[in-house]
Amino acid sequence: MNESGQKAETAIWNEGWIQVKVPLPFSLKWVNSYVIPEPDASGFTIIDPGLRTEDAIAAWNEVFSRHQLEASRIKRIILTHQHPDHYGLAGYFQQLSGAPVYLSRRSHAYAVRLWGEHSHYADELLSQFEEHGMPEELRSSIAGNLALFKGRVSPQPQITYIEAGETIAFGGYDWKLINAPGHAYGQLLYYEESNGWLFCGDQVLPRITPNISVVPGEEEDPLGDFLANLDELLQYEVKLAFPGHRDPFDSFSNRIEELKGHHIRRLEKMKGLLEQPMSAFTVCEALFGASLRSNPHNLRFAMSETLAHLFYLERRGDASRKRDEARVWLYSSISC
Ligand SMILES: [Zn+2]
Ligand SMILES: [Zn+2]
């Protein structure tokens, strides 16, 4: 039992793979971790172990005892990407097992930038939000929320680098590593061609739309990169996709088309809003509602996602921006 009194929820897939719904203290509720046993019973692989919280560790303890798993038999820990809900427990399991933790170089650089010793990431993010119109009291609640995360990703793992184009063997199969930028630069998906299985991280999620955020100091067109990658992913025949959130699903290419449609509709709506010049923060509240003011975690995602759409429109000549007298950027749509 974890602190909230709920049993750790699991489901079994394919050849004894365990989907573990690792609890999260967010509205997202859980992140999927997958335990993939080796066919010769020599041990197992853990994909994306989850965020480090007491509830998550209690859930894992219960799963280990229910399925007779031992930490000493963890052969490897594989991460799809660096977001704390996936990466946070990697160092914890590495300490227990001595297993290698695999992640791309690009994803690891981001983790170091966010949670390394000399991180200025929070200051950079908050000054970006300031120049896009977010009021001071909301920025400080976001700063307080960000400060919680370092403990949720500690200890940080030693990383063994893997890159797109390579293959990695686990669970009795060879998995091709596919680059999947936009949601997280450096994200890798794991594809097994003969069965059409894909561990798709947070790039394609059923029922919820992956967050696409502008991250200060990174590429400025994450939505463009995300949409281009969705088109690339259509070339893979996927029979069963194992996502980072919600449940495994079989309608992979349909889901890609739905996600593309979602963003196209949102861009159109924003162009309509921008007939009046307004800041990114005003656009964010028009799209997501002012109730987010009481939820700094969700507000940060909503604001960064709004910026991703505004940057997309600006780069394609559909919107422009200029500063107002308080030096806040105001966006306007450009009609043909
Ligand atoms: Zn993510
Ligand atoms: Zn996630």
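Structural data are supplied above this passage.
**Here's the deal with the nonpolar core**
No. 1: One finds L189, L198, A280 and M303 to be the most contacted residues of the largest nonpolar core, which totals 88 residues.
No. 2: Top contributing element to this core by residue count: helix α10 (residues 296-315), with 9 residues.
No. 3: In this structure L198 touches L189, Y191, Y236, V238, A241, F242 and F252, once residues within four positions along its chain are discounted.

**Description of the sheet that holds strand β11 (residues 197-201)**
No. 1: The strand order β8-β9-β10-β11-β12 describes an open sheet built from 5 strands, whose pairing is mixed. On the outer flanks of this sheet lie β8 (167-170) and β12 (240-243), each paired with one strand and no other. With direction set aside, neighbouring strand axes in the sheet form an average angle of 30°.
No. 2: Strand direction decides the pairing type here: β8 and strand β9 (residues 173-179), joined by 4 bridges, are antiparallel.

**A word on the packing of helix α9 (residues 280-288) against α10**
No. 1: For the pair α9 and α10, interaxial distance at closest approach is 9 Å and the crossing angle is 110°. When the interaxial angle is binned, α9 and α10 end up roughly perpendicular. Each of A280, F281, V283, C284, L287 and F288 in α9 lies in contact with α10, whose residues at this interface are A302, M303, T306, L307 and L310.
No. 2: A breakdown of the residues in the contact of α9 with α10 according to their chemical character gives 10 nonpolar, 1 polar and no charged.

**Section: helix α7 (residues 222-233)**
No. 1: If you check α7, its first and last C-alpha atoms are 16 Å apart, about what 12 residues at 1.5 Å a residue would give, namely 16 Å.
No. 2: Inspection of α7 places P222, L223, F226, N229, L230 and L233 among the buried residues, and these make up the whole buried set. The arc enclosing the buried residues of α7, seen along the axis, measures out at 125°, which places them on a common side. Seen from the buried face of α7, the exposed residues on the opposite side, beyond 90 degrees, are D231 and E232.
No. 3: On its buried side, α7 packs onto α8 (252-273) and α10.

**Here we look at the packing of helix α5 (residues 121-131) against helix α6 (residues 136-147)**
No. 1: Following both chains from N to C, one finds α5 and α6 inclined at 160°, their axes separated by 10 Å at the closest point. The orientation of α5 with respect to α6, classified from their angle, is roughly antiparallel. Seen from above, α5 lies across α6 with right-handed handedness. Between α5, through A122, L126, F129 and E130, and α6, the contact on the second element is made entirely by R139, I142, A143 and L146.
No. 2: Looking at the contact of α5 with α6 residue by residue, the classes come out as 6 nonpolar, no polar and 2 charged.

**Comments concerning the sheet that holds strand β6 (residues 101-103)**
No. 1: Read from one edge of the open sheet, 7 strands run β1-β2-β3-β4-β5-β6-β7, paired in mixed fashion. Both edges of this open sheet fall to β1 (9-13) and β7 (159-161), since each of them pairs with a single strand only. Each adjacent strand pair in this sheet contributes to an overall mean axis angle of 25°, direction not counted.
No. 2: Relative to strand β5 (residues 74-78), strand β4 (residues 44-47) runs parallel, the two being bridged by 4 bridges. Within β5, the position partnered with T45 by the bridge is R76.
No. 3: Here helix α1 (residues 54-66) sits on the sheet and contacts β1 and β2 (17-23); the angle it forms with β2, its principal contact strand, is near 155°.

**As for unusual backbone geometry**
No. 1: The omega torsion across S154 and P155 is -5°, close enough to zero to call that bond cis.
No. 2: Structurally, P155 is set in the loop between α6 and β7.
No. 3: Backbone geometry places N14, a non-glycine residue, at a positive phi of 45°.
No. 4: The topology assignment puts N14 in the loop between β1 and β2.

Rules used throughout
- Residues numbered from 1 in each chain as written.
- Chains lettered and ligands numbered in written order.
- Predicted model: local features only at pLDDT ≥ 70, side-chain atom pairs only at ≥ 80, totals over all residues.
- Core = buried A, V, L, I, M, F, W, Y, C linked by C-beta atoms within 7 Å.
- Buried ≥ 20, exposed ≤ 12 C-beta atoms within 10 Å, placed from the backbone.
- Helix = DSSP H or I, 4+ residues; strand = E, 2+ residues; numbered from the N terminus.
- Contact = placed C-beta atoms within 7 Å.
- Pairing = 2+ DSSP bridges.
- Axes fitted to C-alpha atoms, helices over the stretch in contact; angles between N-to-C directions.
- Parallel < 35°, antiparallel > 145°, perpendicular 65-115°, else oblique.
- Nonpolar A, V, L, I, M, F, W, Y, C, P; charged D, E, K, R; others polar.
- Expected span 1.5 Å × (residues − 1).
- Arc of directions from axis to C-beta.
- Left-handed = near helix turned anticlockwise from the far one by under 90°.

Read these as geometric descriptors, not functional statements.
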